[in-house]
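Each chain, letter by letter, is given below.
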Amino acid sequence: MAATPHNGAGRGDDRPVLTDRQGHPVYDNQNQRTVGARGPATLENYHFLEKISHFDRERVPERVVHARGITAFGYFEATGLLGDEPISRYTRAKLFATPGKRTDVAVRFSTVIGGRDSSEAARDPRGFAVKFYTEDGNWDLVGNNLGVFFIRDAIKFPDVIHALKPDPVTFRQEPARIFDFMSQTPESMHMLVNLFSPRGIPSDYRHMQGFGVNTYKWVNERGETHLVKYHWLPEQNVRSMTAADAAKVQAGDLGHATRDLQEAIERGDHPQWRLVVQIMSDEEHPELDFDPLDDTKTWPEEQFPPRLVGRMVLNSNVSNFFTDNELIAFGTGVLVDGLDFSDDKMLVGRTFSYSDTQRYRVGPNYLQLPVNRAKNADVRTNQRDGFMAYDQGNAEESPHVNYEPSILGGPREAPAPGHDEQGPVINARLTRKRLPRTNDYKQAGQRYLLMEPWERDDLVFNFTDALRQCPRPIQERMVWHFLMVENDLGLRVGEGIGLSPEDVAHLEPLPGQILDDEELDRLANLG
Ligand code: HEM
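Residues numbered from 1 in each chain as written. Predicted model: local features only at pLDDT ≥ 70, side-chain atom pairs only at ≥ 80, totals over all residues.

- By the naming in an unreviewed UniProt entry, the protein chain is catalase, taken from Sphaerisporangium rubeum.
- Of the protein chain, the UniProt comment under Cofactor (unreviewed entry) reads exactly: "heme". (UniProt positions renumbered as here; feature names shortened; annotations may be inferred.)

Put into structure tokens, the structure is as follows:
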């Protein structure tokens, strides 16, 4: 290849030489090869074509949700206890077993709806995803900051996200679309009461809680199972913003929460969270007025006290945003021995969705990437090849045998755990039915009553502001739901959009809406 000498050559610069990806030195990185100084370009110019075509492929698709986020690294330290009991009574997961045991973690905080460069001061749930690199392989706990969710069945997820995302014609987020959907989804009320309160805009990522939200199981050495919910409590406390605070913040910086986290870690002010869990026996619990597998509900703390199991410290920032943040892949299916799924209908749907989207978004070999590899466990699979396969599983130890079982070599199955699971026996017809105990309003009302007066004012203001942008039938439906949540909330939002108490009293439930006895009683007493 003819070389045009670089006119900066010979400056006495001893830095290493720039090459292309084939290792060829690049002599001119400023001018492409042309016929004459003004002339047409040549197509055989390998360095130029490589450079441009690689640039053309720089982006992987952003996450379909949670596109904007930031990763940090640190460790989890176990207490070895569940409150004051040995934790081994409940789970045999090794990462929890020994007091003081440390496990490396990666945490990605995120917003949900906006694109990769959107504002971090948006009213939006925040993602709180933790990857534990344990000796038994990775465990991902993929949660949010609000403790509940909009829906309880995964089949509705594409709809709730479409309603919350920008309008497909105008590309504007539209309250009319959001509340059109929510007004026909009564189970969303608990989440909405949180999201439209100040908690819906955390002041940054360090000052927010995290929740696993879905119900999981713990399994002990004897195979006995318990239902479990996980909560992260920040040592930095919880701080939130009103819409007015947030408007000021985002006018100056769309990425203030990323900046806050990175600067705190850089100056050695390492953020910490305590991990507490709530557990209950692995049953249907007919005595409760909600189903333990319903992710629109929290478990009352008086009955199921949160118990400490460890703490997490974040002490290092990403070394590269793309490799550590864009390529990191979390999923609810990523569990270790001693932790298990429950039958929560959201959890099963999520578990399919995460690895499915990651095979598309990052590629089928996304688990070979350094940030996703189970770096503290032995990984030995017979999986081979595929796009961008670099690691060939156990090929070095066993070059010929890439199947199992074999007497010629290759890895063998692990010995089975001593006991099978002892969870409940399920015997029922295949069906499509909602959970029987919906109770969509009670906890939302309790949450409202627990708020301080300024938080209630902010909630009413935010709902009123959003509903003013909605057509009348949607406004009326939402006010009816708010009335069911708590009379005061319904009357105040109703007043905010111009409905008198008499108008509010004459609103009707959704056609076909099924109400339980308690809700019918409440309705009878509303007028
Ligand atoms: C990200 C699906 C519910 C928390 C994602 C992604 C998908 C998804 C496809 C993008 C993943 C990627 O590209 O790597 C679903 C489905 C759900 C659901 C189908 C319901 C059926 C939830 C719930 C929570 C949650 C209830 C909170 C408890 C997160 C978080 C991320 C995420 C934190 C970002 C992970 C990261 O930082 O990379 N979800 N999700 N999701 N989801 Fe969900």
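Here we look at the overall build of the protein chain
Consideration 1: Helix and strand counts for the protein chain stand at 15 helices and twelve strands.
Consideration 2: Its C-alpha atoms give the protein chain principal-axis dimensions of roughly 90 × 65 × 45 Å.
Consideration 3: Taking all 527 residues of the protein chain together, 37% fall into the buried category. (Helix = DSSP H or I, 4+ residues; strand = E, 2+ residues; numbered from the N terminus. Buried ≥ 20, exposed ≤ 12 C-beta atoms within 10 Å, placed from the backbone.)

Here's the deal with the UniProt feature "binding site: heme" (unreviewed entry) in the protein chain
Consideration 1: Listed under "binding site: heme" (unreviewed entry) in the UniProt record, and renumbered for this structure, are Tyr354.
Consideration 2: Among the structural elements, Tyr354 can be located in helix α9 (residues 345–361).
Consideration 3: Ignoring any residue separated from it by four or fewer positions in sequence, one finds Tyr354 in contact with Phe330, Gly331, Thr332 and Gly333. (Contact = placed C-beta atoms within 7 Å.)

Thoughts on the nonpolar core
Consideration 1: Core analysis: the biggest nonpolar cluster contains 95 residues, and Val107, Phe179, Val193, Val309, Val479 and Val485 have the highest contact counts within it.
Consideration 2: If you tally residues by element for this core, the top one is helix α12 (residues 472–485), at eight residues.
Consideration 3: Those residues in contact with Val193, other than ones at most four positions away along the chain, are Ala444, Arg447, Tyr448, Leu459 and Val485. (Core = buried A, V, L, I, M, F, W, Y, C linked by C-beta atoms within 7 Å.)

What to know about the site of the ligand
Consideration 1: Around the ligand, the surrounding shell holds 28 residues, and the nearest of these are His66, Arg108, Gly127, Ala154 and Val213.
Consideration 2: Looking at the shell around the ligand, the elements with two or more residues in it are β4 (102–111), β5 (126–134), β6 (137–144) and α9.
Consideration 3: Among the elements that line the shell around the ligand, the one with the most residues is α9, at eight residues.
Consideration 4: Looking at side-chain class alone, the shell around the ligand contains 13 nonpolar, ten polar and five charged residues. (Near = placed C-beta within 6 Å. Nonpolar A, V, L, I, M, F, W, Y, C, P; charged D, E, K, R; others polar.)

What about helix α7 (residues 256–266)?
Residue pairs three or four apart in sequence face the same way in an α-helix, which turns once every 3.6 residues.
Consideration 1: Regarding α7, the residues found buried are Ala257, Thr258, Leu261 and Ile265. Buried residues of α7, seen end-on, are gathered within an arc of 105° and therefore sit on one face of the element. Among the exposed residues of α7, those oriented more than 90 degrees off its buried face are Glu263 and Glu266.
Consideration 2: In the core, the buried residues of α7 are packed alongside β1 (69–78) and β11 (307–317).
Consideration 3: Gly268 lies just past α7 and shows a positive phi near 85°. (Arc of directions from axis to C-beta.)

A look at the environment of Gly252
Consideration 1: Positionally, Gly252 belongs in helix α6 (residues 243–252).
Consideration 2: Assessed through the 8 C-beta atoms surrounding it within 10 Å, Gly252 is described here as exposed.
Consideration 3: Distance in space between the C-alpha atoms of Gly252 and Glu301 is 40 Å, their sequence separation being 49 residues.

A few points about the packing of helix α3 (residues 157–164) against helix α4 (residues 175–182)
Consideration 1: Relative to each other, α3 and α4 sit at 150°, their axes nearing to 7 Å. Classified by the interaxial angle, the pair formed by α3 and α4 is roughly antiparallel. Residue-level inspection shows Asp159, Val160, Ala163 and Leu164 of α3 in contact with α4, the latter providing Arg177, Ile178, Asp180 and Phe181.
Consideration 2: Split by residue class, the contact of α3 with α4 holds five nonpolar, no polar and three charged. (Axes fitted to C-alpha atoms, helices over the stretch in contact; angles between N-to-C directions. Parallel < 35°, antiparallel > 145°, perpendicular 65-115°, else oblique.)

Overview of the packing of helix α11 (residues 453–467) against helix α13 (residues 487–496)
Two measures define how a pair of helices packs: the angle their axes make with one another and the distance between the axes.
Consideration 1: Two elements in contact, α11 and α13, have axes whose closest approach is 9 Å; the angle formed by their N-to-C orientations is 45°. On the basis of their axis angle, the class for α11 and α13 is oblique. Judged by the twist between their axes, the crossing of α11 over α13 is right-handed. The segment α11 lies against α13, with Val460, Phe463, Thr464 and Leu467 engaging Leu489, Arg492, Val493 and Gly496.
Consideration 2: Here the contact of α11 with α13 is composed, by residue class, of five nonpolar, two polar and one charged. (Left-handed = near helix turned anticlockwise from the far one by under 90°.)

Quick notes on the pairing of β5
Consideration 1: Along β5, nine of the nine residues are buried, which leaves the element largely enclosed by surrounding structure.
Consideration 2: Where burial is concerned, the two faces of β5 agree: the one with Arg126, Phe128, Val130, Phe132 and Thr134 and the one with Gly127, Ala129, Lys131 and Tyr133 are both buried.
Consideration 3: Note that β4 and β5 share eight bridges and pair antiparallel. Residue Ser110 lies in a different strand from β5, and its bridge partner there is Gly127.
Consideration 4: Pairing of β5 with β6 involves eight bridges; the strand directions are antiparallel. Bridge assignment links Tyr133 to a residue of β6, and that residue is Asn138.
Consideration 5: In this structure, the hairpin formed by β5 and β6 is closed by a connection of two residues. (Pairing = 2+ DSSP bridges.)

Some thoughts on the confidence of the model for the protein chain
Consideration 1: Considering every residue of the protein chain, the mean pLDDT works out to 94; 97% of them sit at 70 or more.
Consideration 2: Taken together, the stretch residues 1–9 has pLDDT below 50 and engages in seven contacts with residues farther than four places along the chain or on a different chain. (pLDDT = per-residue confidence, 0-100.)

A short note on the environment of Leu192
Consideration 1: Mapped onto the secondary structure, Leu192 falls in helix α5 (residues 189–195).
Consideration 2: Between the C-alpha atoms of Leu192 and Leu146, which are 46 residues apart in sequence, the distance is 10.0 Å.

Some points on α4
Consideration 1: All of the buried residues along α4 are Ile178, Phe179, Phe181 and Met182. Buried positions in α4, seen along its axis, are confined to an arc of 155° and lie on one side of it.
Consideration 2: Buried residues belonging to α4 abut α3, α5, α11 and α12.

A few points about unusual backbone geometry
Consideration 1: For the bond from Glu404 to Pro405, the omega torsion is 10°, close enough to zero to count as cis.
Consideration 2: Residue placement: Pro405 occurs in the loop between α9 and α10 (442–450).
Consideration 3: Within the chain, His66 stands out as a residue other than glycine whose phi angle is a positive 60°.
Consideration 4: Here His66 lies in the loop between α1 (46–56) and β1.
Consideration 5: The exposure class of His66 is buried, given the 22 C-beta atoms found within 10 Å.

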